[in-house]
Amino acid sequence: MIASRVNEAFARSTPLESDHDLFAEFRDLLNAGEIRAAQPDPAAPRGWRVNAWVKRGILLGFRLGTLARYDLGEGLLHFSDKSTFPPKTSAPGGGTRVVPGGSAVREGAFLGRGVTCMPPMYVNVGAWVGDGTMIDSHALVGSCAQVGRRCHISAGAQIGGVLEPVGALPVIVEDDVLVGGNCGVYEGAIVKRGAVVGAGVILTRSTPVYDIARGEVIRAGNGGPLVIPEGAVVVPGSRPIGSGLGREWNLSLQAPVIVKYRDDRTDERIRLEELLR
């Protein structure tokens, strides 16, 4: 099984020549979406399971690679990167649109059918992007991040990657999620199916989210990630500092707020996004 072979290669202090062939096989499976850094698992506490061996395989690629120069546009654009992670090319038959204008997708990332990439955007190694998703201008899908089907990652949004430690869950954005402009989703946060993250919201493991629709405060706990519930509509908010100079100076901290859960009006607004795809 390739998982055990990757683990054995990663554990070796000195790579074997055959490890290069193993990594090429491994990367092909990543590109095809047949293996993933994390995958849905109903038996897991939060519905997702980390595949640490896949992360080890990606790290093995960095170890095996040498610095190489890549030229695009007949020498008009060049850059240097590891030889094991060249730019990914996408044939039209795959159904992915990469609109001209400076976008890049690294080898080892999977893009499903009907994915649209608006320039300039970047998808890093190990990322998995489901069918029909749009990645808008200046957006990032980080290493090993998992983005579901029919999502919209809006302009300037940052979907953080978590490659190390290998056992840590990467950022998860489930199906039918809208991530608004200039959002940041980091540190293994999970945005569940159908949620709407309004423009400018920042989500991290240390971010409390105030759910005024259900009257509770959502926090990451017991070593787990922050989880945004299914269908939640999250907008930027603030909360006052209750003591010390913060109170004296009337300062506030940013605080994401769940104002409601998706309804017909929300769905109608989001449906307009389909015209762009």
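One can find the structure itself at the top, above this paragraph.
The text that follows walks through the structure, step by step, so that each part is easy to find. Within every chain, residues take consecutive numbers counted from 1 along the sequence as written. Note on the predicted model: pLDDT of at least 70 is required for a residue's local features to be given, and 80 or more for side-chain atom pairs to be given and counted; whole-chain, interface and lining totals, by contrast, use all residues. Hydrogens and water molecules were not included; the side-chain quantities draw on all heavy atoms of the structure.

### Describing the overall build of the protein chain
The cut-off we apply is this: Helix and strand labels come from DSSP, where a helix needs a run of H or I of at least four residues and a strand needs a run of E of at least two; each type is numbered from the N terminus. We compute the radius of gyration over the C-alpha atoms and compare it with the globule rule, which gives 2.2 Å times the number of residues raised to the power 0.38. Exposed residues in this analysis have more than 50% of their type's maximum accessible area, buried residues have under 20%, and partly exposed residues fall in between, with area computed by a 1.4 Å probe over protein chains only.
A count of helical and extended segments in the protein chain gives five helices and 28 strands. Compactness check: the protein chain gives a C-alpha radius of gyration of 20 Å against a globular reference of 19 Å for 277 residues, within 12% of the reference. The C-alpha extent of the protein chain, read off along each of the three principal axes, is 60 × 40 × 40 Å. Here the protein chain holds 277 residues, and 49% of them are scored as buried.

### Quick look at the pairing of strand β25 (residues 232-235)
How we decide: Two strands are counted as paired when DSSP detects at least two bridges linking them.
By the bridge criterion, two bridges tie strand β20 (residues 196-197) to β25 in an arrangement that is parallel. From the neighbouring strand, Val196 faces β25, where its bridge partner is Val233. The sheet contact formed by β25 and strand β28 (residues 257-261) spans four bridges and is antiparallel. What sits directly across from Ala232, in β28, is Tyr261.

### With respect to the packing of aromatic side chains
Selection rule: In this scheme Phe, Tyr and Trp rings, the latter by its six-membered ring, pair at centre separations within 6.5 Å, and the angle between planes marks the pair as stacked below 30 degrees, edge-to-face above 60, and tilted otherwise. Sitting over a ring, as applied to charges here, requires NZ of Lys or CZ of Arg to be within 6 Å of the ring centre and within 35 degrees of the ring normal.
A complete count under the given rule lists five aromatic pairs for this structure. Ring geometry for Phe23 versus Phe85: centroids 5.5 Å apart, planes at 85°, classification edge-to-face. Linking Phe23 in helix α2 (residues 18-31) with Phe85 in the loop between β4 (77-82) and β5 (97-98), this pair joins segments that are 62 residues apart in sequence. Pair check on accessibility: Phe23 and Phe85 agree, each one buried. Cluster of aromatic residues (ring-pair linked, three or more members): Phe23, Phe26, Trp53, Phe62 and Phe85. Just above the ring of Trp128 sits the side chain of Arg36; from NZ or CZ to the centre is 3.7 Å.

### Considering the sheet that holds strand β18 (residues 184-185)
Within a sheet, each strand pairs with its neighbour through backbone hydrogen bonds, oriented either parallel or antiparallel. Spatially, the six strands line up as an open sheet ordered β6-β9-β12-β15-β18-β21, and their pairing is parallel. What marks the edges here is a single partner per strand, and that holds for β6 (104-105) and β21 (202-203). Here two bridges tie β6 to strand β9 (residues 122-123), and the two strands are oriented parallel to one another. Looking at β9, one finds that Ala104 is bridged to Tyr122.

### What to know about unusual backbone geometry
Looking along the chain, the bond that leaves Pro119 and enters Pro120 is cis, with omega of -20°. Mapped onto the secondary structure, Pro120 falls in the loop between β8 (116-117) and β9. Phi at His138 takes a positive value of approximately 60°, unusual for a residue other than glycine. Structurally, His138 can be placed in the loop between β11 (134-135) and β12 (140-141). Taking relative accessible area as the criterion, His138 reaches 55% and is therefore assigned exposed. For Asn250, which is not a glycine, the phi torsion comes out positive at approximately 60°. Tracing the backbone through its elements, the reader meets Asn250 in the loop between α4 (244-248) and β27 (252-254).

### Quick notes on the side chain of Thr133
Put simply, the rule is: Polar contact is defined as a pair of N or O atoms within 3.5 Å, subject to the rule that within protein one atom must be able to donate a hydrogen and the other to accept it, and that residues adjacent in sequence are counted only when both atoms are side-chain atoms.
For Thr133, the location among the structural elements is in the loop between β10 (128-129) and β11. Among the polar contacts made by the side chain of Thr133, one reaches the main-chain amide nitrogen of Arg150 at a distance of 3.3 Å.

### Section: the packing of α2 against helix α3 (residues 52-64)
Note the following rule: Where helices are involved, their axes are fitted lines through C-alpha atoms of the stretch in contact, as for all axes, and angles between N-to-C directions lie from 0 to 180°. Note on terminology: angles under 35 degrees are roughly parallel, angles over 145 are roughly antiparallel, angles of 65 to 115 are roughly perpendicular, and the others are oblique. Take the far helix as the reference: if the near one is turned anticlockwise from it by less than a right angle, the crossing is left-handed, and if turned clockwise, right-handed. Two residues qualify as a contact provided that any one of their heavy atoms is within 4.5 Å of a heavy atom in the partner residue. Here the nonpolar group is Ala, Val, Leu, Ile, Met, Phe, Trp, Tyr, Cys and Pro; Asp, Glu, Lys and Arg are the charged ones; every other residue, Gly included, is treated as polar.
Viewed as axis vectors pointing N to C, α2 and α3 meet at an angle of 130°, and their least axial separation amounts to 10 Å. Considered as vectors, α2 and α3 are oriented oblique to each other. In the crossing of α2 with α3, the sense of the turn from one axis to the other is left-handed. Along its contact with α2, which presents Asp19, His20, Phe23, Phe26 and Leu30, the element α3 presents Trp53, Val54, Gly57, Ile58, Gly61 and Leu64. Residue composition of the contact of α2 with α3, grouped by class: seven nonpolar, three polar and one charged.

### Regarding the nonpolar core
Rules: Buried residues of nine kinds, namely Ala, Val, Leu, Ile, Met, Phe, Trp, Tyr and Cys, make up a nonpolar core once their side-chain atoms join them within 4.5 Å.
In terms of nonpolar packing, the biggest core is built from 39 residues, with Val123, Ile159, Leu203 and Ile228 touching the most fellow members. Contributions of two or more residues to this core are made by β25 and β28. Beyond its immediate sequence surroundings of up to four residues, Ile228 is in contact with Ile190, Val191, Lys192, Ala195, Leu203, Val209 and Val234. Within the second largest apolar cluster, 22 residues are counted, among which are Leu30, Ala37, Val54 and Leu64.

So yeah, pure geometry; function would need other evidence.
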